[in-house]
Amino acid sequence: MAMAKSETAGALNKPTPGLGGKHGLYSTNGVHELLECPVCTSLMYPPIHQCPNGHTLCSDCKVRVQNCCPTCRYELGNIRCLALEKVAESLELPCIYQSLGCHDIFPYYSKLKHEQHCRFRLYNCPYAGSECSVTGDIPTLVNHLKDDHKVDMHDGCTFNHRYVKSNPHEVENATWMLTVFNCFGRQFCLHFEAFQMGMAPVYMAFLRFMGDDTEAKKFSYSLEVGGNGRKLIWQGIPRSIRDSHRKVRDSQDGLIIQRNMALYFSGGDRQELKLRITGRIWKEE
Ligand SMILES: [Zn+2]
Ligand SMILES: [Zn+2]
Ligand SMILES: [Zn+2]
Ligand SMILES: [Zn+2]
């Protein structure tokens, strides 16, 4: 948080080529600081409050300080700082992800909304959905998957993967695996897992693209699994890792194999799961 803040301030001090048309931007630095809540240091949005001595405070902090101004200890009351709210309305500020490549500037009150959807915002770690809280850009996350989650990395746009499990009748602890493929200079996550779909135990394999949705749509992939002369084929479009692992799974956007079928494909006495999944990723022209 502190780092992002100082980057924004730095960007305001230093005129960047390409933003030359917006002269107002560089003279508003002082106002920008006034809009920082002195207690929590985040930017304030209406209603902005002030004490009778003029110390300002954001609405979140106002609830927390129990009617006592954190700056002068005076009784806070219920005074709104309309002037500052109006000044904020006239401001235009760069996106907080400017250093990551977003060069747009926004009216103060729509900046926050943009930043929640900015395509330059950081990605969540694609491993195990919400269990890992690491965020970063794609190269950072690729290294994180390799170093911290010990994920298998493969080069190439075709793959041939074996999943073996000795106790396939225990689906309760959704076992799942992740493999990352490097192809077309981009990275794709192949997920494989067991879960309970309604009453039916199933296995599911699907691909996620490490990048934005608009780019994910430029690719297609196919998955094949079979045995004993039968085969299931899935063709799809990888989903962006902006969509959580769970969201993709619950939308059933992937190759779904009923456990009975999976055990039949595995051959033998149905006591062990032995699936060979082959796949291919290609670019749609
Ligand atoms: Zn605050
Ligand atoms: Zn005060
Ligand atoms: Zn942005
Ligand atoms: Zn992680």
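Residues numbered from 1 in each chain as written. Chains lettered and ligands numbered in written order. Predicted model: local features only at pLDDT ≥ 70, side-chain atom pairs only at ≥ 80, totals over all residues.

**Student:** An account of the overall build of the protein is requested, with residue identities and associated values reported.
**Tutor:** Tallying secondary structure elements over the protein gives 10 helices and 17 strands in all. Counting across all 285 residues of the protein, residues that qualify as buried make up 26%. Summarising the internal contacts of the protein: among those between residues at least 6 apart in sequence, 50% fall at separations of at least 24. (Helix = DSSP H or I, 4+ residues; strand = E, 2+ residues; numbered from the N terminus. Buried ≥ 20, exposed ≤ 12 C-beta atoms within 10 Å, placed from the backbone. Contact = placed C-beta atoms within 7 Å.)

**Student:** Break down the environment of Gln98 for me, citing the residues and quoting the values.
**Tutor:** Here Gln98 is to be found in the loop between strand E4 (92–94) and strand E5 (105–107). Along the primary structure Gln98 and Phe120 are separated by 22 residues, whereas in three dimensions their C-alpha atoms are 8.3 Å apart.

**Student:** Can you tell me about the UniProt feature "domain: RING-type" (unreviewed entry) in the protein, naming the residues and giving the values?
**Tutor:** When the UniProt feature table is mapped onto this chain, "domain: RING-type" (unreviewed entry) is found at residues 37–73. As a span, residues 37–73 carries 16% helix and 11% strand, and end to end its C-alpha atoms are 16 Å apart. (UniProt positions renumbered as here; feature names shortened; annotations may be inferred.)

**Student:** Account for the sheet that holds strand E3 (residues 79–80), with residues named and values stated.
**Tutor:** Spatial strand order, E2-E1-E3: 3 strands in an open sheet with antiparallel pairing. What marks the edges here is a single partner per strand, and that holds for strand E2 (56–57) and E3. (Pairing = 2+ DSSP bridges.)

**Student:** Give a description of the nonpolar core that names residues and reports values.
**Tutor:** Core analysis: the largest hydrophobic core is formed by 35 residues, its most contacted members being Phe188, Ala205 and Leu255. Listed by contribution, the elements that provide at least two residues to this core are helix H7 (138–148), strand E10 (176–183), strand E11 (186–197), strand E12 (200–209), strand E13 (219–227), strand E16 (255–258), helix H10 (259–266) and strand E17 (273–283). Per-element accounting of this core gives the leading share, 6 residues, to E12. Residue contacts for Leu255: discarding those within four places in its chain leaves Met204, Ala205, Phe206, Leu223, Val225, Leu232 and Trp234. One finds Cys37, Leu57, Cys81 and Leu93 within the second-largest nonpolar core, a separate group that totals 10 residues. (Core = buried A, V, L, I, M, F, W, Y, C linked by C-beta atoms within 7 Å.)

**Student:** Talk me through the sheet that holds strand E9 (residues 158–165); I want residue IDs and the actual numbers.
**Tutor:** With antiparallel pairing, the 4 strands of this open sheet are ordered in space as E9-E17-E13-E14. Unpaired on one side and paired on the other, E9 and strand E14 (230–236) mark the two borders of the sheet. On average, each strand axis in the sheet is tilted by 20° relative to the strand beside it, whichever way the strands run. Across 7 bridges, the pairing between E13 and E17 is antiparallel. The partner of Ser222 across the bridge, within E17, is Arg280. Contacts between H10 and the sheet are confined to E13 and E17, with E17 contributing the most and set at about 100° to the helix. (Axes fitted to C-alpha atoms, helices over the stretch in contact; angles between N-to-C directions.)

**Student:** Give a description of unusual backbone geometry that names residues and reports values.
**Tutor:** Of note, the bond from Pro46 into Pro47 is cis; its omega dihedral lies within 30 degrees of zero at -5°. Position of Pro47 among the secondary structure elements: in the loop between helix H3 (29–34) and strand E1 (49–50). You will see that Arg73, though not glycine, has its phi angle at about 70°, which is positive. Mapping Arg73 onto the fold places it in the loop between helix H4 (59–64) and E3. Residue Arg73 is classed as exposed on the basis of its C-beta count, with 10 C-beta atoms lying within 10 Å.

**Student:** Give me the lowdown on the pairing of E16, citing residues and values where you can.
**Tutor:** Of the two faces of E16, only the one carrying Leu255 and Ile257 is buried; Ile256 and Gln258 on the other face are not. Where E12 lies against E16, 4 bridges are found, and the strand directions are antiparallel. Within E16, the position partnered with Tyr203 by the bridge is Ile257.

**Student:** Lay out the environment of Thr179 in plain terms, naming residues and giving numbers.
**Tutor:** By the secondary structure assignment, Thr179 is in strand E10. The exposure class assigned to Thr179 is partly exposed, which follows from the 18 C-beta atoms found within 10 Å. Those residues in contact with Thr179, other than ones at most four positions away along the chain, are Val151, Asp152, His154, His161 and Leu190.

**Student:** Any chance you could break down the environment of Val39 for me, citing the residues and the numbers?
**Tutor:** Within the secondary structure, Val39 is located in the loop between H3 and E1. Considering only alpha carbons, one finds Val39 and Pro70, 31 residues apart in sequence, at a separation of 7.4 Å.

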